[in-house]
Each structure stands twice: as structure tokens, then as C-alpha cells.
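# Summary of the model geometry
These are the residues of each chain, in order.
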Amino acid sequence: MGDKLNRKKDIEQQEHLKAWKSKGCRGTSIAATGLGKTRMGLLAIINLLEDDPDRSALVIVPTENLRDREWLDEFKNWNVTHLLSRVQFMCIQSAYKLTSHYWDIIVVDEVHTTLSPEYRKFYENNQWYQLYCLTATAPENDEYRKYLKSIAPIVRTTDINKALSLGLVSPYKVYNLAVEFTPQEMIDYNKANKLFTAAQANLGGIFNAFENATKYRNDKNDPDKRKWANIFYVMMQKRKKICFNAVNKIKLTKEIIDKFSDRKTLVFSESIIFAEELQEVLGDECVTFHSKMTAKERKAALKTFDDGRTKKRVISSVKALNAGFNVPECSLGICCAGSSKALDNVQRTGRTLRLMEGKVAIYINMYVKGSQELKWVRKRTKKDYQTQWVDSIDQIKP
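Now for a description of the structure that goes with this document. (Residues numbered from 1 in each chain as written. Predicted model: local features only at pLDDT ≥ 70, side-chain atom pairs only at ≥ 80, totals over all residues. Heavy atoms only, no water.)

This next bit is on the nonpolar core. Ranked by internal contacts, the top residues of the largest apolar core, which has 51 residues, are Ile 45, Trp 71, Phe 75 and Ile 105. If one sorts the elements of this core by residue count, helix α2 (residues 37-49) sits on top with eight residues. Ranked by size, the runner-up nonpolar core spans 23 residues in total, among them Leu 278, Leu 332, Cys 336 and Ile 396. (Core = buried A, V, L, I, M, F, W, Y, C linked by side-chain atoms within 4.5 Å. Buried < 20%, exposed > 50% of the residue type's maximum accessible area, 1.4 Å probe, protein only. Helix = DSSP H or I, 4+ residues; strand = E, 2+ residues; numbered from the N terminus.)

The next point concerns the pairing of strand β5 (residues 127-135). Summarising burial for β5: seven of the nine residues are buried, a large majority. Across five bridges, the pairing between strand β1 (residues 26-31) and β5 is parallel. Bridge pairing in β5 links Gly 27 to Tyr 132. Of the pairings in the sheet, the one linking strand β4 (residues 102-109) to β5 comprises seven bridges and is parallel in character. Within β5, the residue paired with Val 108 across the bridge is Cys 133. (Pairing = 2+ DSSP bridges.)

Now for the pattern of salt bridges. The final tally for this structure, using the stated rule, is 17 salt bridges. The partner of Asp 52 in a salt bridge is Arg 55, and the shortest N-O contact between them spans 4.0 Å. By relative accessible area, which is 22% here, Arg 55 ends up partly exposed. Between Asp 142 and Arg 145 there is a salt bridge, with its nearest N and O atoms 2.4 Å apart. Of this pair, Asp 142 and Arg 145 both sit in helix α6 (residues 142-151), three residues apart, roughly one helical turn. (Salt bridge = Lys/Arg side-chain N within 4 Å of Asp/Glu carboxyl O.)

Have a look at this one:
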């Protein structure tokens, strides 16, 4: 299977590079996890740097894991470490502060993370000869999409469904699983939701409330509107927190992990408290991974998880592993909490889809019944044709 798969990948990767070159080597490839975006970027670098020893490259990434691990591993895997002296690796959190720099080629991995007004300063204040941007899906924000088009228009798309049809990712099933609030959580949620709804009504209704809340939040000339604007934001965050940290999710997550005891598992959440509480419940088979850990601690956690000789088969992660985490043995993903963005869903699902013979991946989105979380899950999964809605883990089949 290995040689055949590599040939399929290589053909599709070359089509992306051909499309990029046809646009003057300035463009964006939309490529599903499993296609090999990192190799596509690497090939673009090799093609330019091998021809001229004076040329330089910059790779921009969103996470330390991509910067310090995944990209370096790619250079080693393809035996081009001799180029590393002419390649810089930077997280966008540092790169956007640069001014008046020049590189012959810049590869931007997960380009959607670099398009905010703050981070795009990098593109406005620096120069390049070639620009190759990579991501799993196009930005959902219209303004971000327009900006990307202005610097690196999309040249080719291989989405998850096409990757599946080409046999480049494992078959998979997606389940949206309902969870119940505890009685106290229901009381707290309903109270927050009632105030949130009242704030919406006082800020122009459901379609205008967000814009008006932003407008009036610091308006000293209209104290009534400012009051409702602050209630709007506070209650919006409170609803999220109650949903994201619903205690029954921890119990249900353990039941799922126990049911699929032979699978390496990634658990995604939105709060460090939740991630650490889950780790406590799961014990020795779980490690946590989040931004409050030191770089050394995060590196050690990934190493332990990768090592098949340890008991660690679960990572409890808070956003930090949405992108650029590649362990083909992972075949179970559980999203205990997430946003409404399809992009986040594509990235998280993709962590479990690396192709392995005989593997059928399972990805589970949890949501609390009767809450706003149902709408978030519905929105982010509406384009995934593998999705099944279930009320019990007994309905989740391998």
C-alpha cells in the first residue's frame, strides 16, 4: 500500500505545484490533511534553493510543534537537511513584527492563521520573490478571503471528500453526540441565556445585537446601551463556559475511551481546566497538551504519546493540536467543545485521518442538548457527509 499511496500523493502534490507555478509562484493550495501539505511546501523550497546557493527561505507556522518538530522532520525524511542553513522557521506570533526583510521564497503553513489585521502586517512590511500558502480549507471570513486573494490567490483545491475518493485518507465516521446538563448547570445556563436574550432585544434584535454591542460597549454617552452591551458579552461568554465545561462530558469521554480501548485518541476542548480534569479522570493513559505548559513539557508530552512502549494513548488538548500534529495511529477523535467554524472542524477531524491499512477513523462532536452548542455543532459539520446524530455511545460503531 505504501508505494501506491505515495504515487497517488505525489501525483496530486505535483498538480498543486504545477498550478502554483502557472500563477507565477504566488498562490495558495487548499489541501486536506493527508495529502502532504508540508511536502508540497518543501518541494517548492527545494526547487528554488537547490538552483542557487545564495537563495533563502522562510517558513511561517502557527504553532511551536510545527516549527520545532513537523517541518524539521520533513527535511530529514526527504534528506535535504543540507538546506536548513538557508531556511528560517518562525511562528506568525513573531513573524508579524518583522519589517523590511526579504526572502526568495516564503512558505506559509496554515495561512488562515495569518490573515488578521494584526498578523497581516508581515505581508505589508516585508518582501519576497515567491509565496506559497497552504491550508486545509479556505477562510470563512469574507474579508480574510479577499485579502488572501490579493496576496496569494487559491490555485488548486483538494478537499477532504476528494482526498477520500482518491484514497489519500482513511475512511471515517463522524458522530454528533448529545449530552445532558446537570440540574444546576441547566439552572445556570437558563439564567445566562435569559439575560443574553434580553440584551439582544435591547440592542436591536438578533441580527443587530453583536454589532451594536461592539459599538456601545465603551460608549460613555449612552449608559443604558453600554449596560446592555456589557451584559451581552458577559452572558455570551458565560453560556459558552457552562457548555464547554459541562461535567457530564468528562464522564462520557471516559466511557467512549474505555469502549475503544485499542485506539490512540485525541480529545479536544476549549479550557485548560477541563483538559486537566479529564486527565485526572483518565489517569496514566492520558497526557495533557496546552499553552500554559512549557515548551519542554509539551515536547515531552508528544514524545510520550508517540512512544508505543508507554501506556499513554490519549492526549487531552486545548486547541494547540488543531493543526500540524501527525500520528497516523490516531484513529479516535473526541471534540468535547469547539466553535462553529468549519475550518476548526476540518483541522481537528484531520488529526485522525492519516491513512493506515484497515483503519476506519471515528470522530465525535459532543454538544449539550437544548443549548447554543447544538447550533455551533450543526454549523461546523453541515458540509461533512459522514455525519450521524446520536443520543448514546451505543450507537457509535467502529
